[in-house]
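# Commentary on secondary and tertiary structure
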Amino acid sequence: MIKNIYTLVVLLVFCTQQLFAQSKVEQLSDSQVKSFYERAKASGMSEMQIEQAALAQGFTLSDISLMRKRIAEVQTQANDIQGDSQDTVVNTRQQVGTLSRKIAIKDTAKVRPDGLKIFGSDLFNTQGLTFEPNLRIATPKNYQLGPDDELLVEVYGDAKGSYRLKVTPEGTVKVLNLAPIYVSGLTVEDAREKIIGRMRQMYSGLNSSGSFASINLGNIRSIKVIVTGEVAKPGVYTVSSLATAFNALYLCGGPNRNGTYRDIKVIRNNKVVRTIDLYDFLLRADQAANILLQDQDIIQVPFYGTRVELNGEVKRPAIYELKEKETLAELLSFAGNFNENAYQASLSVRRNTAKAREVVTVKQEQYATFNPKTGDQIRVGRVINRFENAVYLRGAVFRPGEYALTDQLKTLGDLIKQAEGLREDAFGNRAIIHREKPNLEPEIVAIPLSKILSGEIADIPLQARDSVVIKSVKELRKEQFVTIVGEVNKGGDSPYEEGMTVSDLVTLSGGFSDGAIGSRIEIARRIKEVNTNNVEDNVNVEIITLKIDQQLSLNANDAAFVLKPYDIVYVRKSPRYETQRGVVILGEVMYPGQYAIKNNSERIHHLIERAGGVKPTGYLPNAIFRRGGERVALDIEKIVNNPAVESNIILEEADTLIIPEQSFTVRIAGAVLNPSVVNFAAGASFQDYLSQAGGYGERAEKRKVFVTYANGYTERTRKFLFFNIYPKIKPGSSITVPYKPKDDRRSDLTGPVIMSFFGTVVIALATLLRN
């Protein structure tokens, strides 16, 4: 790079006229600088010859430095276009070499089937986590220069210039025509003093008057380190000279299943320069052991020493590695100590011996002195789900709940006092204590509570886990209520309250309905005692009859009748009270529409009379009567002519009577060749209408033909001997010919059977005649 920078002086040799014509180097275009640079490269002149030629032409060192900067800018642009970018700005740092983990290392043996992991393994197995060195930090004070490192020198002030000095394999850097400067093994600060001292030969008074220089580390070299031992991927790694021990450990995937996390060694020149305990970083974020690596350093990961499994009720269950003399208390601190549900009084340790296994119980006071051994399995259990000193109070007290047995709370009286006493509805004659026997079987202890509280008998001592229950008076009896049914607006059950009267209950039920009659109120009362006055022995329910004013007057004796729990009050409806019921008559009457039913004996002929009778156009034989949406077959003409017939039924709500005009059509449907509607013809027979429909179809059931008349009546075909007698056809009738089932073969046998029958009859008649 330095050789390329010095080629700017060739401008004086090949382009003297152009340079003199432009008094300022800044005025040169990029294309001119690029052309001059290419011609200088092809000149074959040495650096010294180029420098001497430039000075001979009258150029100063400032001009040379400025031209060097222009050439560097042109080179940077050219390299960007080619995709091989090189930073030329001072204080920009690049890494020489590669520091990236190109393999996804995951030692699956670090995770057991039960999910217990080696503590610290996630640090190296987490995807996306990197330990790449930060190239943007200030150069560490202890960083030592070596071959391939680059120093950036910037001269500013009265004189200007910039240089990129690369440390040669011999450990030197060179500034223009000055003698090489040996900097390998020096810190950046030491090298800075040495280089500035040498550059004062070119810049008099540098860093003292007028001109100043700054020297920083630019591109950094790469070094090779060796990672060996129990790691996921041992080998030789090329890393940045700013890389630390953690960077190298991350690249190799960290310790494997057998590797230690507590005794990792950094070896330099056959001497251990640092021992790394990763727990310092994992537990305390201490990076004191994370030293900068140097070329040919060795990181050795030995086998682990003592490894212990800690599981159960701790904050971080895992497999932990212990150093010599570390105790169980320190192991618990590694796991974040017990969680809130842990049983802490003692721990059971499963330990391997030379021949078998054994269990060691460690008391809480021994945690700080007990030394776990490799292979130990320690599980922290949960506390027992019961309280050692709790008693429970439920029921009719002001503050039920759980209380602690203390010196101030030892007896039942102390407990009730702590709960701020009994409620007013408490049943004081008896309290119950649910208690556990020594063998944990339950027992009940009945206590005369009122006598204890009054001091008549001694107080009862309580035991741990006693549960005291004090019932209320309401809880000792069934919920009390009264019921009202019948003619009230909102009947049903109501909670019983002492002193409740019949009028109170009626009022709570929304009052009497419109049809209610107060003179027929009955109360049904349960009988509790035998031989109650005025009650017969064979009567189970007492019936009480009352008369109450519709206005519910308070001074009326019956209205003030006091109810008892579970009484049922019946309010009757007035015999003549009834909601309006309506019927409908439509069609050919004088006044069709809706009519109210006057009484419970009104019949069909009454409805027709109230509608003004039938019009001359009305046809009574076809009248239709419907009840509940379904047609009822009635002969309305017969009813009108003789109201005494049984079919003159009593009307009910929503009945509908339709009297149509006379219809002059007949409908033919079913298994005929041409179902249709034809004109009625007086005197026409059934066969005549059937012929108009094309006759029977192939699957016609001839013996089951029926006719439905307009008034709903239906008449079927009758059989007399060998002849079918068909119904009479009236205006508005419908003839229906049913279909035979598809698999019915009777039609195929009918002809032969009939012929056989007739043959038998003929033979019999002939025999009789001969005789």
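Residues numbered from 1 in each chain as written. Predicted model: local features only at pLDDT ≥ 70, side-chain atom pairs only at ≥ 80, totals over all residues. Heavy atoms only, no water.

### Remarks on the overall build of the protein
In plain terms, the rule: Numbering of helices and strands runs from the N terminus, with a helix taken as a DSSP run of H or I at least four residues long and a strand as a DSSP run of E at least two residues long. Classification of residues uses two cut-offs on accessible area relative to the type maximum, computed with a 1.4 Å probe and protein chains only: under 20% is buried, over 50% is exposed, and between them is partly exposed. Contact between two residues is taken to exist if any of their heavy atoms lie within 4.5 Å; hydrogens are not considered. Note on areas: Shrake-Rupley, 1.4 Å probe, and residue coverage restricted to the protein chains presented here.
Across its full length, the protein carries 18 helices and 37 strands. Out of the 771 residues belonging to the protein, those deemed buried represent 39%. Long-range contacts, defined here as pairs at least 24 residues apart, represent 63% of the contacts in the protein between residues at least 6 apart. By element, 50% of the accessible surface of the protein is carried by carbon and sulfur atoms, the whole surface being about 44300 Å².

### A word on the sheet that holds strand 17 (residues 401-404)
Rules: Paired strands, as defined in this entry, are two strands with at least two bridges between them according to DSSP. Interaxial angle, 0 to 180 degrees, is taken between N-to-C directions of lines fitted to C-alpha atoms, where a helix line uses only the stretch in contact.
Taken in spatial order, the five strands line up as 17-16-20-18-19 in an open sheet, and their pairing is mixed. With one partner strand each, in any of the chains shown, strand 17 and strand 19 (442-447) form the two edges of the open sheet. Recorded for the sheet is a direction-independent mean angle of 25° between the axes of neighbouring strands. Examined bridge by bridge, strand 18 (residues 431-436) and strand 20 (residues 467-470) share three bridges and lie antiparallel to one another. The residue bridging Ile 432 from the neighbouring strand is Val 469, located in strand 20.

### Overview of the nonpolar core
Filter applied, for reference: For our purposes a nonpolar core is just a set of buried Ala, Val, Leu, Ile, Met, Phe, Trp, Tyr and Cys residues, chained together by side-chain atoms within 4.5 Å.
Leu 249, Leu 310, Tyr 320 and Leu 328 are the most contacted members of the largest nonpolar core, which totals 52 residues. Listed in part, the 28 residues of the second largest apolar core include Val 153, Val 188, Ile 195 and Leu 206.

### Considerations on the sheet that holds strand 5 (residues 211-217)
Taken in spatial order, the three strands make up an open sheet running 2-1-5, and their pairing is antiparallel. A single partner strand is all that each edge strand has here, and the edge strands are strand 2 (161-166) and strand 5. When strand polarity is set aside, the average angle formed by the axes of neighbouring strands in this sheet is 15°. As judged from the six bridges shared by strand 1 (residues 150-157) and strand 2, these two strands associate in the antiparallel manner. Bridge pairing in strand 2 links Val 155 to Gly 161.

### Here we look at the pattern of salt bridges
As a reminder of what qualifies: Counted as salt bridges are all cases of a side-chain nitrogen of Lys or Arg within 4 Å of a carboxyl oxygen of Asp or Glu.
Scanning the model with the defined rule gives 24 salt bridges in all. In this structure, the salt-bridge partner of Asp 466 is Arg 435, at a minimum N-O distance of 2.6 Å. With Asp 466 in the loop between helix 13 (449-454) and strand 20 and Arg 435 in strand 18, the pair connects residues that are 31 residues apart, well separated along the chain. In this structure, Asp 466 and Arg 435 share a single accessibility class: buried. Its salt-bridge partner being Arg 627, residue Glu 652 comes within 3.6 Å of it at the nearest N-O pair. Residue Glu 652 is found in the loop between helix 16 (636-641) and strand 30 (656-659), and its partner Arg 627 is found in strand 28 (residues 624-627); the two are separated by 25 residues along the sequence. Residue classification places Glu 652 among the partly exposed positions, given a relative accessible area of 39%. Linked by salt bridges that have partners in common, Arg 262, Asp 277, Lys 323 and Glu 326 make up one network.

### Quick word on the packing of aromatic side chains
The cut-off we apply is this: Here the aromatic set is Phe, Tyr and Trp, taking the six-membered ring for Trp, and pairing holds for ring centres within 6.5 Å; pairs whose planes are under 30 degrees apart are stacked, those over 60 apart are edge-to-face, and all others are tilted. By definition, being over a ring means that NZ of Lys or CZ of Arg is both within 6 Å of the ring centre and within 35 degrees of the ring normal.
Tallied over the entire structure, the rule returns nine aromatic pairs. Ring geometry for Phe 119 versus Tyr 320: centroids 5.1 Å apart, planes at 35°, classification tilted. Here the residue Phe 119 occupies a position in the loop between helix 6 (61-81) and helix 7 (122-125), and Tyr 320 occupies one in strand 12 (residues 318-322), the gap between them amounting to 201 residues. Since its relative accessible area comes to 9%, Phe 119 is described here as buried. Assessed through its relative accessible area of 0%, Tyr 320 is described here as buried. Centroid distance Phe 246 to Phe 281: 5.2 Å. Interplanar angle 65°. Geometry classified as edge-to-face. Taken together, the positions of Phe 246 in helix 9 (residues 245-251) and Phe 281 in helix 10 (residues 278-284) put the pair 35 residues apart, joining distant regions of the chain. Comparing Phe 246 with Phe 281 shows no difference in burial state: the two are buried. Its end group placed over the ring of Tyr 304, Arg 307 keeps NZ or CZ at 3.8 Å from the ring centre. Directly above the aromatic system of Tyr 709 lies the positively charged group of Lys 730, at a separation of 5.2 Å from the ring centroid.

### Observations concerning the environment of Ser 676
For Ser 676, the location among the structural elements is in strand 32 (residues 676-679). Taking the C-alpha atoms as reference points, Ser 676 and Gly 694, 18 residues apart in sequence, are found 9.6 Å from one another. Non-local contacts of Ser 676, meaning those with residues more than four positions away in its chain, are made with Val 666, Arg 667, Ile 668, Gln 692 and Ala 693.

### A look at a positive patch on the surface
The criterion, for reference: Excluding any residue in a salt bridge, patches collect residues exceeding 30% relative accessible area, merging like charges within 9 Å and nonpolar Val, Leu, Ile, Met, Phe, Trp and Tyr side chains within 5 Å. His is not counted, nor are the chain ends; Lys and Arg add positive charge and Asp and Glu add negative charge. Every charge is mapped onto a representative atom, which is NZ of Lys, CZ of Arg, CG of Asp or CD of Glu.
Taken together, the side chains of Lys 478, Arg 526, Lys 528 and Lys 564 present a region of like positive charge at the surface. Checked against the element boundaries, Lys 478 lands in the loop between strand 20 and strand 21 (481-486). Of the residues examined, Lys 478 reaches a relative accessible area of 56% and is grouped as exposed.

### What to know about the confidence of the model for the protein
Operational definition: Every residue is assigned a pLDDT by the predictor, reflecting its confidence on a scale from 0 to 100.
Averaged over every residue, the pLDDT of the protein is 82; residues scoring 70 or more account for 80%. Contacts of residues 1-23 to residues separated by more than four positions or lying in other chains number 57 contacts, the stretch itself having pLDDT below 50.

### Topic: the pairing of strand 11 (residues 306-312)
Counting buried residues along strand 11, five of its seven residues qualify, which places the element largely inside the surrounding structure. Note: strand 11 against strand 12, five bridges, orientation antiparallel. Paired with Val 308 across the two strands is Tyr 320, which belongs to strand 12. Hairpin connection between strand 11 and strand 12: a loop of five residues separates the two successive antiparallel strands. Both strand 11 and strand 15 (residues 377-380) contribute to a ladder of four bridges, which runs parallel. Paired with Glu 309 across the bridge in strand 15 is Gln 377.

### Considering the pairing of strand 32
Of the strand pairs in this sheet, strand 31 (residues 665-670) and strand 32 are connected by four bridges, and their pairing is antiparallel. Bridging from a neighbouring strand, Val 666 pairs with Val 678 of strand 32.

### Topic: a nonpolar patch on the surface
Taken together, Phe 720, Leu 721, Phe 722, Phe 723 and Ile 725 make up a surface patch of nonpolar side chains, about 560 Å² in accessible area. Topologically, Leu 721 is positioned in the loop between strand 35 (718-720) and strand 36 (723-725).

### Some remarks on unusual backbone geometry
Where the residue is not glycine, phi is negative for most of them; where a peptide bond is considered, it is trans in most cases. At Asn 337, a position not held by glycine, the phi torsion is positive, near 70°. Checked against the element boundaries, Asn 337 lands in the loop between helix 11 (328-334) and strand 13 (346-352). A positive phi is found at Arg 465, a non-glycine position, where the angle reads about 70°. Of note, Arg 465 is situated in the loop between helix 13 and strand 20.

### As for helix 8 (residues 188-199)
Keep this limit in mind: Expected helix span is taken as 1.5 Å per residue step, with the number of steps being one fewer than the number of residues.
Here helix 8 contains twelve residues, and its C-alpha end-to-end distance of 16 Å stays within 8% of the 16 Å for a straight helix at 1.5 Å per residue. Buried positions along helix 8 lie against strand 1, strand 2, strand 3 (172-173), strand 4 (181-182) and strand 5.

### Details of the side chain of Ser 467
On the secondary structure map, Ser 467 appears in strand 20. When residues no more than four places from it in sequence are discounted, the contact partners of Ser 467 are Tyr 392, Arg 394, Ile 432, Ile 433 and His 434.

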